[in-house]
Amino acid sequence: MLLNSLAAPKGVKYHCELCGKQATLMCPNCRTVCYCTEAHRDIDEVSIHKKICGLIQELQSEKEVFGSAQQRQQHQERMNMLRKRIVDIGVEQATAALSRQEYQRAIPAALQALKYQKELDSNDRSIVTPYLLLGEAHTGLGKLQRAEEFLSFAKWVLISCEETGESRSQAIIALRGRLHRQFGKLFLFQDRFGEAEAEFAADAYYSGLATGPESPEAAQCYFHMGNLFYLRKQRQVAFQFYDKIVEIWQSYLRDLVVAGTLTGHETPGFASETKEMFMKLETVYNQNCGQNHSSTGFLQLTIALFMCTLGQEHVSDALDRVGQAHDIFLQSFGQDHPATRDAANLRVALTQSQV
Ligand SMILES: [Zn+2]
Ligand SMILES: [Zn+2]
């Protein structure tokens, strides 16, 4: 819907929801959200607005209520429930976009989560997540100054939560880890290697506290650490981290195989991030260890298992990798080695699952 500037109440200026510039368009349904251009409207629409327009309309329709104190309180609670739902949807959409590396698309969703969380409570720890998502998205786009601003806000809120005695809560510990990771990624982009290392080390500490040092989440952190040392040409240290990742994932996926839930496994939220990690590891192992090294074999076997969690359509790729791993193990260790037998058994199981 085109905005008629003359129709606006005197002194009221409409601003674009995304960039804050003067707006020329308004969503005809909720009549609340405005945009400078069709381009910004379209970005917001797919990122988040189509999912929350109805909720915004509900919020609008109950602006004010007159009645008893109790009625007013109930009304306030209803409004806050709507706001909370918008925040949750915003966080969910932004997280999903980031896991696909769609940084631009993540921003409007995270901004809406931030806006409505501010209406709810801007000092609550729930506001840290939208700030972190905005920090991550801007780092991904190379807008590093903006990223640093958002991450600093997140840091501030976390510090004030910790001062009020919440520091031991599990949620705060997990947020701490995420904050350090985002700062680490940002510093890495800026070639501030020493600071990046300190941030990743802190991430490893907090993520380890939150999910255990041998968890796939912690492995994500070791990956950033490995990349840092790899960039600094400290290859040996880098591979200590990389090998650790392979070990963690192999044992995690093996448990799924034993439980018989590998192919039916619910894909973890960070699946595409993990896939990207494995693809990078494959390149690095091939370049540094060679395609026939036993370490590359263990990596291929792990990637094969991971591919199976992504669904049936990835089984043929998994089979190729298991075949490669098997050949490597056969040459390196011989036929009777447990690794060789493992790969052989997996090949049989995968072939059967294909027919
Ligand atoms: Zn705009
Ligand atoms: Zn709308």
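What counts and what doesn't
- Residues numbered from 1 in each chain as written.
- Chains lettered and ligands numbered in written order.
- Predicted model: local features only at pLDDT ≥ 70, side-chain atom pairs only at ≥ 80, totals over all residues.
- Helix = DSSP H or I, 4+ residues; strand = E, 2+ residues; numbered from the N terminus.
- Buried ≥ 20, exposed ≤ 12 C-beta atoms within 10 Å, placed from the backbone.
- Core = buried A, V, L, I, M, F, W, Y, C linked by C-beta atoms within 7 Å.
- Contact = placed C-beta atoms within 7 Å.
- Expected span 1.5 Å × (residues − 1).
- Axes fitted to C-alpha atoms, helices over the stretch in contact; angles between N-to-C directions.
- Parallel < 35°, antiparallel > 145°, perpendicular 65-115°, else oblique.
- Left-handed = near helix turned anticlockwise from the far one by under 90°.
- Nonpolar A, V, L, I, M, F, W, Y, C, P; charged D, E, K, R; others polar.
- pLDDT = per-residue confidence, 0-100.

Caption draft 1: Looking closely at the overall build of the chain. Per the secondary structure count, the chain includes 13 helices and two strands. On the principal axes, the C-alpha backbone points of the chain span a range of 85 × 50 × 40 Å. Residue burial in the chain is summarised as follows: out of 355 residues, 35% are buried.

Caption draft 2: Local environment of the nonpolar core. If you look at the biggest cluster of nonpolar residues, it comprises 82 residues, and the most contacted ones within it are Ala94, Ala106, Ala110, Tyr131, Leu133, Ile245 and Ala304. Ranked by the residues each element gives to this core, the list is headed by helix α11 (residues 294-309), at nine residues. Residue contacts for Ile245: discarding those within four places in its chain leaves Ala219, Tyr222 and Phe223.

Caption draft 3: Spotlight on helix α8 (residues 216-231). If you check α8, its first and last C-alpha atoms are 23 Å apart, about what 16 residues at 1.5 Å a residue would give, namely 22 Å. Every buried residue belonging to α8 is among Ala218, Ala219, Cys221, Tyr222, Phe223, His224, Met225, Gly226, Asn227, Leu228 and Phe229, and all of these are buried. Residues of α8 that are buried in the fold lie against α6 (170-189), α7 (193-211), α9 (235-259) and α10 (271-288). With its phi angle positive at about 65°, Lys233 sits one or two positions after the end of α8.

Caption draft 4: A look at helix α4 (residues 128-140). A rise of 1.5 Å per residue sets the reference length of α4, with its 13 residues, at 18 Å; its end C-alpha atoms lie 18 Å apart and thus fit the reference within 8%. The buried count for α4 comes to twelve of 13 residues, which makes it a mostly enclosed element. Along α4, the residues classified as buried are Val128, Thr129, Pro130, Tyr131, Leu132, Leu133, Leu134, Gly135, Glu136, Ala137, His138 and Thr139. The positive-phi residue at the C-terminal boundary of α4 is Gly142, with phi of around 80°.

Caption draft 5: Local environment of the environment of Ile328. Along the chain, Ile328 turns up in helix α12 (residues 315-333). Assessed through the 24 C-beta atoms surrounding it within 10 Å, Ile328 is described here as buried. Distance from Ile328 to Gly297, taken between C-alpha atoms, is 5.9 Å for residues 31 residues apart in sequence. Beyond its immediate sequence surroundings of up to four residues, Ile328 is in contact with Asn292, Ser294, Thr296 and Gly297.

Caption draft 6: Representation of unusual backbone geometry within the structure. Although it is not a glycine, Gln101 sits at a positive phi angle of roughly 60°. For Gln101, the position within the fold is in the loop between α2 (69-99) and α3 (103-120). The exposure class of Gln101 is partly exposed, given the 13 C-beta atoms found within 10 Å. Even without being a glycine, Lys233 presents a positive backbone phi close to 65°. With respect to the element layout, Lys233 can be found in the loop between α8 and α9.

Caption draft 7: A look at the environment of Gln300. With respect to the secondary-structure elements, Gln300 resides in helix α11. For Gln300, the residues in contact, after removing those within four places along its chain, are Arg321, Gln324 and Ala325.

Caption draft 8: Representation of the packing of α10 against α11 in the model. Running from N to C, α10 and α11 cross one another at 160°; their axes reach a closest spacing of 10 Å. Classed by the angle they form, the pair α10 and α11 counts as roughly antiparallel. Like other packed secondary-structure pairs, α10 and α11 cross with a definite hand, here left-handed. Residues Thr274, Phe278, Leu281, Glu282, Tyr285 and Asn286 of α10 touch α11, and the partners they reach there are Ser295, Thr296, Leu299, Ile303 and Phe306.

Caption draft 9: The packing of α9 against α11, seen in detail. Closest axis-to-axis distance for the α9/α11 pair is 9 Å, and the angle between their directions is 40°. With respect to α11, the element α9 is oriented oblique. Two packed elements cross with a definite hand, and for α9 against α11 that hand is left-handed. Contact residues: α9 offers Asp243, Val246, Trp249, Gln250, Leu253 and Val257, while α11 offers Ser295, Phe298, Leu299, Thr302, Leu305 and Phe306. Residue composition of the contact of α9 with α11, by class: eight nonpolar, three polar and one charged.

Caption draft 10: Representation of the confidence of the model for the chain. Chain-level pLDDT for the chain is 89 on average; 91% of the residues reach the 70-or-more range. The least confident element of the chain, judged by mean pLDDT, is helix α13 (residues 338-354) at 88; the most confident is α4 at 96.

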